[in-house]
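Understanding the architecture of this molecule
Here's the letter readout for the chains.
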Amino acid sequence: MVVTEESRTGSADQGAPGAATDSAESAPAVGDVAVTDREIIATANATVEVKDIADAADTIGALAESRGGYVESTEIGKSVAVDGASEPAPSDPGYGWISIRVPSADLAAVIDELATSGEVLSSSISKQDVTSTAIDLRARVDATRASVQRLTELMSQTGTVAELIEAEVALTDRQGQLESYEQQLASLEDQVAMSSLTVELTRTTPPTTADPAGFSDGLLAGWNGLVVSVLSLIHISEPTRLLSI
């Protein structure tokens, strides 16, 4: 999640001199954060070949719940477009996918356990370090909350109606910014705590065996074609020979 330049230089900093600066200075520098304390968003993808897609989706969903996660979305069967048809498109039972959320610490183990549903054809994990963004957002939450508190105290000391209205407008603005920062921080922390795993499900193709009868039928058809071709050549060459005599 990216904090925009507008939010970095917004009126909350202007209306509360020194508040944002003090909080930001008290926050640890990104380079000083220990490797184990860094905040990482991990997302993963996998492709699994299964015998029954619906059963595999249920198994993977149960796996997520057993790890303290949940199913985010799923789709079993894919609509196949039919040109010029007014009836609903049929569903392809050989297609499906499921997206789950699991604790980030369990992501690798969950991917390993996908083998209980079928053959894992491929898997990948991507990671994004959002430590600096999280530190920045927490500093802004603290600074804006302090600004809200000061403005609230200022309203109780305001003498004129004009000053009261001005303080109330400023307070409303700070409260809106505070809620925005808190929502962004909560969303970021949720993505760090719970990883997303999208699993594409493909149905196992049953092995096919060559049909001996089909081979012999093809050989016979080829022989018959050769005989017909030879007879046709003889039929054509016979009048030519008679004319030459």
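What counts as what
Residues numbered from 1 in each chain as written. Predicted model: local features only at pLDDT ≥ 70, side-chain atom pairs only at ≥ 80, totals over all residues. Heavy atoms only, no water. Helix = DSSP H or I, 4+ residues; strand = E, 2+ residues; numbered from the N terminus. Buried < 20%, exposed > 50% of the residue type's maximum accessible area, 1.4 Å probe, protein only. Contact = heavy atoms within 4.5 Å. Areas by Shrake-Rupley, 256 points an atom, 1.4 Å probe, with all protein chains shown as cover. Patch = residues over 30% accessible without salt bridge, like charges linked within 9 Å, V, L, I, M, F, W, Y side chains within 5 Å. Salt bridge = Lys/Arg side-chain N within 4 Å of Asp/Glu carboxyl O. Core = buried A, V, L, I, M, F, W, Y, C linked by side-chain atoms within 4.5 Å. Pairing = 2+ DSSP bridges. Expected span 1.5 Å × (residues − 1). Axes fitted to C-alpha atoms, helices over the stretch in contact; angles between N-to-C directions. Parallel < 35°, antiparallel > 145°, perpendicular 65-115°, else oblique. Left-handed = near helix turned anticlockwise from the far one by under 90°. Nonpolar A, V, L, I, M, F, W, Y, C, P; charged D, E, K, R; others polar. pLDDT = per-residue confidence, 0-100. Polar contact = N/O pair within 3.5 Å; in protein donor to acceptor, adjacent residues only side chain to side chain.

Overview of the overall build of the protein
Looking only at helices and strands, one finds 8 helices and 5 strands in the protein. A burial count over the protein gives 28% of its 245 residues as buried. Sequence separation of at least 24 residues holds for 83% of the intrachain contacts in the protein that already meet a minimum separation of 6. In the form shown here, the protein has an accessible surface area of approximately 15,500 Å², with 57% of it arising from carbon and sulfur atoms.

So, a nonpolar patch on the surface
Taken together, the side chains of Val161, Ile165 and Val169 present a nonpolar region at the surface, about 290 Å² in accessible area. Along the chain, the position of valine 169 falls in helix α7 (residues 161–193).

Things to note about the nonpolar core
Within the largest apolar cluster, 21 residues are counted, with the highest numbers of intra-cluster contacts made by Ile60, Ile100, Leu107, Leu114, Leu197, Val199 and Leu201. Counting residues in each nonpolar core, the second largest holds 13 residues, with Ile41, Val130, Tyr181 and Val192 among its members.

Notes on the environment of aspartate 173
Looking at the element boundaries, aspartate 173 is found in helix α7. For the pair formed by aspartate 173 and valine 148, sequence separation is 25 residues and the distance between their alpha carbons is 9.2 Å.

A word on the pairing of strand β1 (residues 40–50)
As judged from the 10 bridges shared by β1 and strand β4 (residues 119–129), these two strands associate in the antiparallel manner. Bridge assignment links threonine 47 to a residue of β4, and that residue is serine 122.

Observations concerning α7
If you check α7, its first and last C-alpha atoms are 47 Å apart, about what 33 residues at 1.5 Å a residue would give, namely 48 Å. Residues Ala167, Leu171, Arg174, Gln177, Leu178, Tyr181, Gln184, Leu185, Leu188 and Val192 constitute the buried set of α7.

Some details on the packing of helix α6 (residues 131–157) against α7
Running from N to C, α6 and α7 point in directions that differ by 155°, and their axes come no closer than 9 Å. Relative to α7, α6 is oriented roughly antiparallel. Viewed along their axes, α6 and α7 form a crossing whose handedness is left-handed. Classifying every residue of the contact of α6 with α7 by side-chain character gives 14 nonpolar, 7 polar and 7 charged.

Comments concerning the confidence of the model for the protein
Here the protein averages 78 in pLDDT, while 64% of its residues score no lower than 70. Taken together, the stretch residues 1–27 has pLDDT below 50 and engages in 37 contacts with residues farther than four places along the chain or on a different chain.

A few points about the pattern of salt bridges
Evaluation of the coordinates by the stated rule reveals 11 salt bridges. Here glutamate 113 and arginine 67 are joined by a salt bridge, their closest N and O atoms 2.3 Å apart. Within this pair, whereas glutamate 113 is found in helix α5 (residues 107–113), its partner arginine 67 is found in the loop between α4 (53–66) and β2 (70–79), the two being separated by 46 residues in sequence. Classification of arginine 67 as partly exposed rests on a relative accessible area of 28%. A salt bridge links arginine 145 to aspartate 142, with the shortest nitrogen-to-oxygen separation between them at 3.8 Å. Taken together, the positions of arginine 145 and aspartate 142, both in helix α6 and 3 residues apart, correspond to about one turn of that helix. One continuous salt-bridge network, built from bridges that share partners, spans Glu39, Arg138 and Glu189.

Topic: the environment of leucine 185
For leucine 185, the position within the fold is in helix α7. For leucine 185, a relative accessible area of 11% corresponds to the buried category. In the structure, leucine 185 is positioned 52 residues away from threonine 133 in sequence and 8.8 Å away in space, judged by C-alpha atoms. Setting aside residues no more than four positions away along its own chain, leucine 185 makes contact with Ala134, Leu137, Arg138 and Val141.

Here we look at the side chain of threonine 131
By secondary structure assignment, the location of threonine 131 is in helix α6. For threonine 131, a relative accessible area of 1% puts it in the buried group. Within the local environment of threonine 131, its side chain forms a polar contact with the backbone nitrogen of glutamate 39, the two atoms lying 2.9 Å apart.

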